[in-house]
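If you want the building blocks of each chain, they are given just below.
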Amino acid sequence: MKYASEEQEGPAVEQTAGPAPSAPEQTERRAPVAAPAPAPHDEQQGTRNRVARSILDHGPSTAAELALRLKLTQAAVRRHLDALAAEGVVEPREKRVYGARGRGRPAKAFVLTDCGRDAFDQAYDQLASDALRWIAQSAGGGEEGEAAVAAFARARLAAQAEGYREAVESAEPEGRTEALAKALTADGYAATARSAPNPQLGEQLCQHHCPVAHVAEQYPQLCEAETEVFSRLLGTHVQRLATIAHGDGVCTTFVPKAGAGKAAAHSTARTTKTTTASASTAGRNPA
C-alpha cells in the first residue's frame, strides 16, 4: 500500500529549498485529463454494423472472409455474428461449394435476413409510388387513372384482410375491434382498440404506425380501401377520423356500437375532431 508521503518524489533538498508550492501551482502542474473513451457498447454496435454492411455489399460471407475484409480476428467476427444472429439480423447457411468438396465440415456462410435488410436504406416507398403512378398513367390518367389505383388498393387490401378474417370472426361481437387491432399489430401497424370519447356510441381503432404512410400521402385510395375493409370485417359502417398520411399522429377509425349506425359515426367525428383529428382529415377518407 502506498502512503501519502511516498507519492511525493524527488530528493529531500528540493523539499526544503523553499516554500511548498501553492494549491493553484500544484493544479497547473497536473497532467491534462484525457478525453473519455467511447463506450464499449457503442464500439461493439459500430463493429456489428460494419459486419452486417459487409455482408450486404459482398453477399454471403464466412467468418474468415469477413475477418480479412474488416481486418479483425476471426474470433471477434464470430462473436459479432453470434450477436447479430441472436437479433435476427443474419443467419448461417452452408456455403455452396463448386467442384470437389474437401475434407472436414463445410464453412458456414452468413447472409442477411429480411429483417437485416430492412435495417438498411431501401427504396420501397419510391418503388411503390412509381408502380401506382404507372398504373394511373396506363389507365389514361385523370379520373380513370384514380379509379385504377383505387381498384388496385381494394384488391390488395382484400387479400390482406383474409389474414384477419378468422381472428375477427372467431371473437365475440364486443371483442372484434380488439381482435382486429391485434391482427393489425402482428402486421406492423401497432394498433390498439379503446373507447371513444362517448363510450355509449362506440370505440376507436387506433393505428400508431403505418408502413405505407409516405405512399398513402400521394395516393389516399390506400386509406379509403383500408377503411372499406375494416367496415366489411367488423360488419358495420366505420368512419375514418384521422390518418398518419395526412399528418396526424395516429390513424383513427371510429367503430360504432351495434345499432348506432352512421349517425353515431358522424356525431363522434364532430365531437372528437379537436382531440383526435384535424378538421380537414375528418372527411378526407370517408368509408
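Shown above is the structure to which this text applies.
The rules we used
Residues numbered from 1 in each chain as written. Predicted model: local features only at pLDDT ≥ 70, side-chain atom pairs only at ≥ 80, totals over all residues. Heavy atoms only, no water. Helix = DSSP H or I, 4+ residues; strand = E, 2+ residues; numbered from the N terminus. Areas by Shrake-Rupley, 256 points an atom, 1.4 Å probe, with all protein chains shown as cover. Buried < 20%, exposed > 50% of the residue type's maximum accessible area, 1.4 Å probe, protein only. Contact = heavy atoms within 4.5 Å. Axes fitted to C-alpha atoms, helices over the stretch in contact; angles between N-to-C directions. Parallel < 35°, antiparallel > 145°, perpendicular 65-115°, else oblique. Left-handed = near helix turned anticlockwise from the far one by under 90°. Nonpolar A, V, L, I, M, F, W, Y, C, P; charged D, E, K, R; others polar. Pairing = 2+ DSSP bridges. Core = buried A, V, L, I, M, F, W, Y, C linked by side-chain atoms within 4.5 Å.

Peer 1: Before we move on, can you summarise the overall build of the protein chain with the specific residues and values?
Peer 2: Counting its regular elements, the protein chain contains 14 helices and 6 strands. Summed over its atoms, the accessible surface of the protein chain is roughly 17,900 Å², and 53% of this surface lies on carbon and sulfur atoms.

Peer 1: Kindly report on the side chain of His80, identifying the contributing residues and their values.
Peer 2: With respect to the helices, strands and loops of the structure, His80 is situated in helix 5 (residues 74-86). By relative accessible area, His80 is classed as buried at 7%. Excluding residues within four positions of it along the chain, His80 makes contact with Gln44, Thr47, Arg48 and Val51.

Peer 1: Describe the packing of helix 9 (residues 176-186) against helix 11 (residues 221-234), and please don't skip the residues or the numbers.
Peer 2: Relative placement of two packed helices is described by the angle separating their axes and the distance separating the axes. Contact pair helix 9 / helix 11: the axes reach a minimum separation of 10 Å and the direction vectors enclose 135°. Classified by the angle their axes make, helix 9 and helix 11 are oblique. Between helix 9 and helix 11 the crossing geometry is right-handed. In this structure, helix 9 uses Arg176, Thr177, Leu180 and Leu184 to contact helix 11, whose residues at the interface are Phe230, Leu233 and Leu234. Looking at side-chain class alone, the contact of helix 9 with helix 11 contains 5 nonpolar, 1 polar and 1 charged residues.

Peer 1: Before we move on, can you summarise the sheet that holds strand 5 (residues 239-242) with the specific residues and values?
Peer 2: The 4 strands are arranged 3-4-6-5 in an open sheet whose pairing can be described as antiparallel. Strands with a single pairing partner mark the edges of an open sheet, and in this sheet they are strand 3 (191-195) and strand 5. Strand-to-strand twist in this sheet, taken as the mean axis angle between neighbours without regard to direction, amounts to 25°. With 6 bridges connecting them, strand 4 (residues 202-207) and strand 6 (residues 251-256) associate as antiparallel partners. Among the inter-strand pairings, Gln207 is bridged to a residue of strand 6, identified as Cys251. Relative to the sheet, helix 9 contacts strand 3, strand 4 and strand 6, its axis offset from that of strand 3 by approximately 160°. The sheet contacts of helix 11 involve strand 4, strand 5 and strand 6, and relative to strand 5 the element is tilted by about 135°.

Peer 1: Run through the environment of Val215, naming residues and quoting values.
Peer 2: Counting through the fold element by element, Val215 comes out in helix 10 (residues 213-218). It is 6.9 Å that separates the C-alpha atoms of Val215 and Ala128, two residues lying 87 residues apart in sequence. With near-sequence residues (within four places) excluded, Val215 lies in contact with Asp125, Ala128, Ser129, Leu132 and Leu222.

Peer 1: Describe the nonpolar core, with residues and values.
Peer 2: Core analysis: the largest hydrophobic core is formed by 28 residues, its most contacted members being Tyr164, Leu180, Leu184 and Leu205. The biggest single contributor to this core is helix 11, with 7 residues. Beyond its immediate chain neighbours, meaning those up to four positions away, Leu205 contacts Thr177, Leu180, Ala181, Leu184, Thr192, Phe230, Cys251, Thr252, Thr253 and Val255. Of all hydrophobic cores here, the second largest spans 15 residues; its members include Val51, Ile55, Leu70 and Leu112.

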